[in-house]
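Descriptive analysis of the structure
These are the residues of each chain, in order.
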Amino acid sequence: MDAAWIARTRWRWRGAWMWPAFVVMAIADGWIGRALPISPPSQSVISGVIVGLVLNLICIVVLSAPIGALLRRVRRDLPVAIARNYAGVLCVLLVTAGFVGIGLAKRSTITHDSTTMHDAVVRAAAYIGDHAPAAFAARADHLDALVIQEGSIYRVCVDNAAETRYYCVVVREGLPLDRSVTPAGSEPNATLARGD
């Protein structure tokens, strides 16, 4: 009786890694999502943890039984519950590897978009400094940028000192410097972002 209990305890100890891995990898997914965001330009740790928890759970529910059955074909000595537990750990690790892979794949896109945004703001500041009325030109270092089309079209505005009027331009990346910036009215970006 004692030998059977010890054997059962040993199997349980060996196979009881799925739920601890589930929790640890969900937290890791949050930090990975923060460092390598899946949804650019940034992602919070909490949203990464939530996405990780949901994907881990779906993966465990859907894939742990079939992967566990395949594992039992290779190792017939494994009990069903232990094989499924090992498969669940594999599922959790695959989700985390997916987070890393997608994050690394999107990193170049994020870097490119950040660079083009910076370039658009520099172009807008130069144009506003040269062409805008004095009240706006003096504040060309207080710009507000809105992405119209990521990586190519931006709307950049500056307000007067009283923050009652705006001078806005549209910057089109990819055009020569002298043709890339055009005036774009006086509505603040906040109004356009809300869809008003």
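Below you will find a few notes about this structure. For clarity, every value in this text was computed on a predicted model and none was experimentally measured. (Residues numbered from 1 in each chain as written. Predicted model: local features only at pLDDT ≥ 70, side-chain atom pairs only at ≥ 80, totals over all residues. Heavy atoms only, no water.)

**A few points about the pattern of salt bridges**
Applying the stated criterion across every chain, the model contains two salt bridges. A salt bridge links R75 to D77; its shortest N-O distance comes to 3.2 Å. Overall, the relative accessible area of 34% leaves R75 in the partly exposed class. Residue D119 is joined to R123 by a salt bridge in which the shortest nitrogen-to-oxygen separation is 3.0 Å. Here D119 pairs with R123, and both are found in helix α4 (residues 80–131), just four residues apart, close to one helical turn. Looking at D119, the relative accessible area reads 27%, which means it is partly exposed. (Salt bridge = Lys/Arg side-chain N within 4 Å of Asp/Glu carboxyl O. Buried < 20%, exposed > 50% of the residue type's maximum accessible area, 1.4 Å probe, protein only. Helix = DSSP H or I, 4+ residues; strand = E, 2+ residues; numbered from the N terminus.)

**A closer look at the pairing of strand β1 (residues 143–149)**
Across six bridges, the pairing between β1 and strand β2 (residues 153–159) is antiparallel. Counterpart to V147 in the pairing with β2 is Y154. (Pairing = 2+ DSSP bridges.)

**So, a nonpolar patch on the surface**
On the surface, W19, I46, I50, V51, V54, L55, L57, I58, V61, V62 and L63 cluster together to form a nonpolar patch covering roughly 990 Å² of accessible area. For the nonpolar patch, the element with the most residues is helix α3 (residues 45–74), which contributes ten residues. Inspection of the secondary structure puts V54 in helix α3. (Patch = residues over 30% accessible without salt bridge, like charges linked within 9 Å, V, L, I, M, F, W, Y side chains within 5 Å. Areas by Shrake-Rupley, 256 points an atom, 1.4 Å probe, with all protein chains shown as cover.)

**As for the sheet that holds β1**
Ordered in space as β1-β2-β3-β4, the four strands form an open sheet in which the pairing is antiparallel. Looking along the sheet, the strands with just one partner apiece sit at the ends: β1 and β4 (181–183). Sheet twist, expressed as the average angle between the axes of neighbouring strands with direction ignored, equals 25°. In terms of strand pairing, strand β3 (residues 166–172) meets β4 through three bridges, oriented antiparallel. Bridging from a neighbouring strand, V171 pairs with V181 of β4. (Axes fitted to C-alpha atoms, helices over the stretch in contact; angles between N-to-C directions.)

**Quick look at the environment of E187**
Along the chain, E187 turns up in the loop between β4 and α6 (189–194). Residue classification places E187 among the partly exposed positions, given a relative accessible area of 44%. Residues E187 and Y166, 21 residues apart in the sequence, show an inter-C-alpha distance of 6.5 Å. Here E187 is in contact with R155, C157 and C168, once residues within four sequence places are set aside. (Contact = heavy atoms within 4.5 Å.)

**Here's the deal with the packing of aromatic side chains**
A complete count under the given rule lists two aromatic pairs for this structure. With a centroid separation of 5.1 Å and an interplanar angle of 70°, the aromatic rings of W19 and F22 are classed as edge-to-face. Of this pair, W19 and F22 are both found in helix α2 (residues 18–35), three residues apart, which corresponds to roughly one turn of the helix. Accessibility expressed as a relative area gives 45% for W19, which makes it partly exposed. Overall, F22 belongs to the buried group, its relative accessible area being 11%. (Phe/Tyr/Trp six-rings, centres within 6.5 Å; stacked < 30°, edge-to-face > 60°.)

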